[in-house]
Amino acid sequence: MEKPPLRDYTAANAASAPPLLNTLTPSRRTSLNRAFAAIYTCAIVALFYRHTQTLLSSKNLVSFYVTLTLFVSDLILAFIWASGQAFRMRPVYRKEFPENLEKVVKTSDLPGLDVFICTADPYKEPPISVVNTALSVMAYDYPTEKISVYVSDDGGSAFTLFAFVEAARFAAHWLPFCRKNDIAKRNPDEYFATDYKMSSETEDIKIMYESMKMRVEHVVETGKISEEYNTSDDVRQAVSQWSIDGFTRQNHPTVIQVLLDKNKDKDITGNSLPNLVYVSRQKSETSPHHFKAGALNVLVRVSAAMTNAPVILTLDCDMYSNDPTTPLRALCYILDPEMRSNLGYVQFPQEYHGLNKSDIYACEHKRLFKVHPVGYDGLSGPNYLGTGCFFRRRALCGGPSTLISPEIDGLCPDCVVNQPLTAPSVLELAHHVAGCNYENQTKWGSKIGFRYGSLVEDYYTGYRMKCEGWRSIFCYPETAAFLGDVPFNLLDVLSQNKRWAIGLLEVAFSRYSTITFGVKSMGLFMGLGYSYYAFWAILAIPITTYCLLPQLALLNELSIFPKVSDPWFLLYMFLFLGAYGQDLLEFVVHGGAIQRWWSDQRMWIMRGLSCYAFGLTEFVVKSIGIPTEGFNVTSKIINDEQSKRYEQGVFEFGVPSPLFVTLTMAAIINLSSFIIGLVQFIVDGGSNKEGLIMQLVLTGLIVMNCLPVYQAIALRSDKGKMATKTTVTATLLASAVYAVASLFLK
């Protein structure tokens, strides 16, 4: 990764200046980025000049429509490329100095921290994993009396509640153990999976943790709590009721359980424990619940009633803390007087453990989570990435200069809570604001809190906050602040990306469209930067075009690209190599391996042919009033066989899905086209031979990207191979597409 030079901070400077909390250094590649953008723009203009010439000189309808299709596809690619240049106009790197924080503010004066952890399904998001995430932040190197952890259980699962009852007991031993031994990894599961220092104390803690883990997993598996678990009657009854009567997540009352209270609960050394509150909001089939955004807004209101800390950390249930000093790093920006007036949040990158060597599914999302936020940061800051983000509570209530007060005074961001968590008035207000009808006729979700209107509530919330005038900071320390799990199943990856694609389109074509409202509110570059993602799904059009049209034309010996001897051929080569070369350079500079870059390119094509195409189609269908499927939680459950294949770099296609059909169809067409085209190229020495070289090379590259598909169809016998139903359906579709294309291209 490119390392920024540090600002000079000598002893002489220290004597005359306040302690340095952070530095900012522009990237050394900025000038080169701008120069390349100017040159590449000229090349794009030249490409459209050629397309226009070809359109005007078309001698038949086939030539006209082929050129028009390529023109539209290239127009979309040019728009996405131009939007992406916003990230390259002023990338910056930051460094923070948490060791200087104590020189600026006393430990006793540090702001309170409310941590929000969301979970929704105990079968896809194992409660023991959620517990580990909570324990890792409860053990922060931060005054425990200032930490409050709120767990939102949107599944209303008694299993999750039981797990946190167990976690509350274990925390009394785990937190002092971490402090005493200065442990860096404060997720128990991860700590005991490493080469930890052996001692009798460590072994006792390990036995205690494994016993807790066994009980939690046993309860989830059986749906019953044994008498020996010494659990309260209400928790045991809730689990029994679920196992006997079943459970409807759309209908259940509000449940708020204070599991740890800093004023009452102590660890084994006599120190206060952080607050730990379990929240399951009320749900009803007759009231919209707005998925994760709705759950987060309930936590904003419930926490305001109970603790109202000025700083809020949002975490996904599988993103545990990997660095106990993370809150101090965030405060290096939040407490900086030069930034405080309009700083809305500090975003940390999403980073993952358990990725295989090649990251075959490109789950690292290096551009989304690392490269592009560095570029955003030089403008008005990175987008909210949904987890690992420290908000100022004030930023959730209107713009920097326009405070929008909630409808209840007790929910205002500057309100001080003086009563205990378990005070009847506090609990009464908390239950009231968690009701499913509470938001009716209020500004929650539109002007206050996390925003409704898109499946990607994180992107939409950050975007709307930027439009209101808030800026943000990208904090990218050398040690990962948070680490999370990745899907080991291709279908889960594509389904997640399809949901993102639909949610982003909901923003792109709303009244707050990034290309109109966004540019007007934030300026050209930030508007373009947000548009890069908002219109992500329309990449399905050019990707599908270039994965099918040149190949079908090649099968019919129709040339659609310039000949090698044509000067225009050099333009196409420059556009192709320039875009891929710059992309590869950025990937490698930010610490990526070339092997992972190749996986990223392959998944770019696979997403375009599957989840982007389906997401775009579903959005259009939904827009005309036809109901579609709702939000699905991505599974965090790991199957042993799938895990083994993932570690070996083998793709998982075992479950039949329409998402695999279009991908397999394109793979079959490309392989057939490449083989037949290569034979024709070698055997037939006709005059059109030179004009087909570009199509043959392009088809060959796509065939290389589709090798996992061919292996899954014909070379594998494990459970992850392509389903026969998918292969047959794709083959029939490929034959039909070829037959129809042949009628028009000949």
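Residues numbered from 1 in each chain as written. Predicted model: local features only at pLDDT ≥ 70, side-chain atom pairs only at ≥ 80, totals over all residues. Heavy atoms only, no water.

So, the overall build of the chain
Across its full length, the chain holds 25 helices and 13 strands. Over its C-alpha atoms the chain spans a radius of gyration of 28 Å, differing by no more than 12% from the 27 Å that the globule rule assigns to 746 residues. Along the first, second and third principal axes, the C-alpha set of the chain runs to 90 × 70 × 55 Å. When each of the 746 residues of the chain is scored for burial, the buried share is 58%. For the chain, the accessible surface area stands at approximately 30,900 Å², while carbon and sulfur atoms represent 59% of it. Averaged over its 67 positive side-chain charges, the chain has a centre that lies 6 Å from the centre of its 69 negative ones. (Helix = DSSP H or I, 4+ residues; strand = E, 2+ residues; numbered from the N terminus. Rg over C-alpha atoms; globule rule 2.2 N^0.38 Å. Buried < 20%, exposed > 50% of the residue type's maximum accessible area, 1.4 Å probe, protein only. Areas by Shrake-Rupley, 256 points an atom, 1.4 Å probe, with all protein chains shown as cover. Lys, Arg positive; Asp, Glu negative; His and termini not counted. Charge placed at Lys NZ, Arg CZ, Asp CG, Glu CD.)

Some thoughts on the UniProt feature "binding site: Mn(2+)" (unreviewed entry) in the chain
Here, UniProt's "binding site: Mn(2+)" (unreviewed entry) annotation points to Lys292 and Asp316. Spanning 25 residues, the annotated positions come together in the fold, the maximum distance between their C-alpha atoms being 10.2 Å. Relative to the elements of secondary structure, Lys292 occurs in helix 9 (residues 291-306). Among the structural elements, Asp316 can be located in strand 7 (residues 311-316). Excluding residues that lie within four positions of it along the chain, Asp316 makes contacts with Thr133, Lys292, Gly386 and Thr387. (UniProt positions renumbered as here; feature names shortened; annotations may be inferred. Contact = heavy atoms within 4.5 Å.)

A short note on the sheet that holds strand 10 (residues 351-352)
Strand order in the open sheet formed by three strands is 8-13-10, and the pairing between neighbours is mixed. With partners counted over all chains shown, the strands left at the sheet margins are strand 8 (320-321) and strand 10, one partner each. For strand 8 and strand 13 (residues 482-484), the ladder comprises two bridges, and the chain directions are antiparallel. Paired with Tyr320 across the two strands is Leu483, which belongs to strand 13. (Pairing = 2+ DSSP bridges.)

Remarks on the nonpolar core
Of all hydrophobic cores here, the largest spans 211 residues; its most connected members are Val149, Trp174, Val302, Val346 and Phe390. No other element matches the 15 residues that helix 5 (residues 158-181) contributes to this core. When neighbours within four sequence positions are excluded, Val302 is seen to be in contact with Tyr150, Ile256, Val279, Ala430, Val433 and Ala434. (Core = buried A, V, L, I, M, F, W, Y, C linked by side-chain atoms within 4.5 Å.)

Regarding the pattern of salt bridges
This structure, assessed with the given rule, holds 29 salt bridges. Where Glu618 meets Lys498, a salt bridge forms, and the shortest distance between an N and an O atom there is 3.1 Å. Here the residue Glu618 occupies a position in helix 20 (residues 611-623), and Lys498 occupies one in helix 14 (residues 490-508), the gap between them amounting to 120 residues. Overall, Glu618 belongs to the buried group, its relative accessible area being 14%. The class for Lys498 is buried, based on a relative accessible area of 13%. Through salt bridges with shared partners, a single ionic network connects Glu351, Glu364, Lys366, Lys370 and Arg596. (Salt bridge = Lys/Arg side-chain N within 4 Å of Asp/Glu carboxyl O.)

Describing empty space enclosed by the protein
Under the definition given, this model contains four cavities of 30 Å³ or more. Forming the boundary of the largest cavity are Arg29, Asn33, Phe87, Arg88, Pro91, Val371, His372, Val374, Gly375, Glu586 and His590. With four residues, helix 11 (residues 366-377) is the largest single contributor of residues to the lining of the largest cavity. Considered class by class, the residues forming the lining of the largest cavity number four nonpolar, four polar and three charged. Around the second largest cavity, the lining residues are Pro111, Gly112, Leu113, Tyr142, Val311, Pro327, Ala330, Leu331 and Phe390. Here the element with the most residues in the lining of the second largest cavity is helix 10 (residues 326-334); it accounts for three residues. (1 Å grid on protein atoms, 1.4 Å probe; cavity = no way out; pocket = protein on both sides within 12 Å on 5 of 7 lines; lining within 4 Å. Points joined across faces, edges and corners; volume = space filled by probe spheres on them. Nonpolar A, V, L, I, M, F, W, Y, C, P; charged D, E, K, R; others polar.)

Quick look at the environment of Phe170
Note that Phe170 resides in helix 5. Between the C-alpha atoms of Phe170 and Asp377, which are 207 residues apart in sequence, the distance is 40 Å. In this structure, Phe170 is in contact with Leu135, Pro188, Ile205, Met208, Tyr209 and Met212, ignoring residues within four places of it in sequence.

Some points on the UniProt feature "binding site: UDP-alpha-D-glucose" (unreviewed entry) in the chain
With numbering aligned to this structure, UniProt lists the feature "binding site: UDP-alpha-D-glucose" (unreviewed entry) at Lys124, Glu125 and Asp154. Sequence-wise these annotated residues cover 31 residues; spatially they are packed, their C-alpha atoms never more than 12.6 Å apart. Take Glu125: it is sitting in the loop between strand 3 (113-119) and helix 4 (127-138). We classify Glu125 as buried; its relative accessible area is 8%. Checked against the element boundaries, Asp154 lands in the loop between strand 4 (147-153) and helix 5. Residue Asp154 is classed as buried on the basis of its relative accessible area of 9%.

Quick notes on helix 21 (residues 640-647)
Inspection of helix 21 places Gln642, Ser643, Arg645 and Tyr646 among the buried residues, and these make up the whole buried set. Buried residues of helix 21 fall within an arc of 165° about the axis and therefore sit on the same side. Of the exposed residues in helix 21, the ones pointing more than 90 degrees away from its buried face are Asp640 and Lys644. Positive phi shows up at Gly649, right after helix 21, with a value of about 80°. (Arc of directions from axis to C-beta.)

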